Structure formats: structure tokens, C-alpha cells
Amino acid sequence: MTGEWTSSESSSYVTPREPGHGDAWAEEAAQLGKAGTHRLTEVVECIPPEPIATALKLEPGELAVVRRRVVELDGKPIELADSYYPLGIAQGTALAEHRKIPGGAPTLLAGLGHVAAAVDEDISCREATAAERAALGLGHAEWVLLLARLTVDQTGLPVEAMLMTMKTQGRHLHYRMRTS
């Protein structure tokens, strides 16, 4: 059987936004009657971890830009999100600046000619580290859900590798596939 994913909880997060629209997380939270935001904690050039470098097809030692955020719901942290971009794409753009990006990264990337054509997500879970427990307000033996997302543009170029570390409580992921 072959199939094609037609929608997922992630769809709105990889699609460019129309001018004047808020970010996808704020809109999703608002639909639930809640306030969703994210706090940018760091934007730096770095040598990414090996799995990220491999996903982005970077040469050993090649730099990327990482944007680290704490995602909040009603003022409480629920997720840590690190987005990595090849330096050749991010340098000289708002991706490399310590500020929010109107419409989010997918909108900026599309404006640079990098429209998301394929997205690959990998989901796993593990016990939270001490740093994750502190950042997310978790108890000693709690687990986190990890979602790794790779976005590839219409030319086959990987443009963003993201790792999200989420509280498991209250999380729901939904995917839909067309099989014919």
C-alpha cells in the first residue's frame, strides 16, 4: 500500500503565513481559548550536533544558526524548540537576529525562495534530563516527547532542522494519510 500524508498537526507550522497573521502557535492556542507564545532565549552560530548537521547536509565543522525558544501556554513552559538553519541561508537575515520573525520562519524562508516541499518528522520519548526538568517544570522521573522535524525546499535543499522537547501531559499529535 502506498500513501501520501495529507495533513498533520504540523501543517500550519511549516506553511508560510499571510501578511498580518500571527504565528501558528498563537492561533492554535487561541482556538482553545488559551494564550500561546514563545520566548526566544538564544540565536547563535554554532557547529550543530551530528544528527542535525547530517540532516542539513552540512560538511563536518560547517556552521549553522540555531534559534532556541521556550514555547509557553498561558504563561507556562510546555516545550523547548531549537531550530537550525544552514549558515548560507540564515546569515544576513532575521533568522540570524535575536528577535521574533513576523509570520515565522516558514514565511521568511518562502520569501527567500525556499518553499517547504517536504517535511519529515520523527517522534520518540525518553526520560527528561535535569536541564529539561528545570526548564519545563517537570518532576524527577517524568518523560518528554521529542519531535524532530526536517523541512526540505522545492529544490531538495534541507532548510530547517528542528528539535522540539515537549511535556507529554496534554499533548496530542494527529496525522492523516491518503492511500489511493
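Going by the structure above, here's the rest.
What comes next concerns the included structure. (Residues numbered from 1 in each chain as written. Predicted model: local features only at pLDDT ≥ 70, side-chain atom pairs only at ≥ 80, totals over all residues. Heavy atoms only, no water.)

## Observations concerning the overall build of the chain
This is how it is decided: A run of H or I in DSSP counts as a helix once it spans at least four residues, and a run of E counts as a strand once it spans at least two, with each numbered from the N terminus. Accessible area is worked out with a 1.4 Å probe on protein chains only. A residue is then buried under 20% of its type maximum, exposed over 50%, and partly exposed in between. Whether two residues are in contact is decided by their heavy atoms: any pair within 4.5 Å suffices. Accessible surface is estimated by sampling points in the Shrake-Rupley manner with a 1.4 Å probe; for residues, cover comes only from the protein chains shown.
Secondary structure assignment for the chain yields five helices and eight strands. Reading the secondary structure of the chain in the N-to-C direction produces β-α-β-α-β-β-α-α-β-α-β-β-β. Sorting the 180 residues of the chain into buried and exposed places 39% on the buried side. If you take every contact in the chain between residues at least 6 apart in sequence, the share linking residues at least 24 apart comes to 60%. Approximately 10,000 Å² of the chain is accessible, and the part contributed by carbon and sulfur atoms is 56%.

## A short note on the sheet that holds strand β3 (residues 64–73)
For the record, the criterion: Pairs of strands are assigned from DSSP output, requiring at least two bridges between the strands. Fitting a line to C-alpha atoms yields each axis, with helices limited to the stretch in contact; the angle taken between N-to-C directions then spans 0 to 180 degrees.
The strand order across the open sheet formed by six strands is β2-β3-β4-β7-β6-β5, and the pairing between neighbours is antiparallel. At either end of the open sheet lies a strand with only one pairing partner, and these are β2 (36–46) and β5 (116–127). Going across the sheet, the axis of each strand differs from the next one's by a mean of 15 degrees, ignoring polarity. Taken together, the eleven bridges between β5 and strand β6 (residues 143–153) define a ladder with antiparallel strand orientation. Paired with E121 across the bridge in β6 is R149.

## As for unusual backbone geometry
We note that K57 has phi near 60 degrees; this positive angle belongs to a residue other than glycine. Since its relative accessible area comes to 60%, K57 is described here as exposed. Phi at D74 is positive, roughly 50 degrees, even though this residue is not glycine. By secondary structure assignment, the location of D74 is in the loop between β3 and β4 (76–86). We classify D74 as partly exposed; its relative accessible area is 43%.

## Observations concerning the side chain of D153
The condition that has to hold: Only four residue types enter the tally: Lys and Arg on the positive side, Asp and Glu on the negative side, with His and both chain ends excluded. Any Lys or Arg side-chain nitrogen located within 4 Å of an Asp or Glu carboxyl oxygen qualifies as a salt bridge. Pairs of N or O atoms are called polar contacts if they sit within 3.5 Å, as long as, within protein, a hydrogen donor faces a hydrogen acceptor (for residues adjacent in sequence, only side-chain-to-side-chain pairs).
Relative to the elements of secondary structure, D153 occurs in strand β6. The buried charged residue D153 lacks any salt bridge partner; its closest oppositely charged side chain belongs to K57, at an N-O distance of 9.2 Å. Among the polar contacts made by the side chain of D153, one reaches the side chain of T155 at a distance of 2.7 Å. In contact with D153, other than residues within four places in its own chain, are H114, V115, A116, A117 and V159.

## What to know about the environment of A128
Positionally, A128 belongs in the loop between β5 and α5 (130–136). Judged by its relative accessible area of 5%, A128 falls in the buried class. For the pair A128 and M166, spaced 38 residues apart in sequence, the C-alpha separation works out to 9.5 Å.

Distances and angles like these do not, on their own, reveal function.
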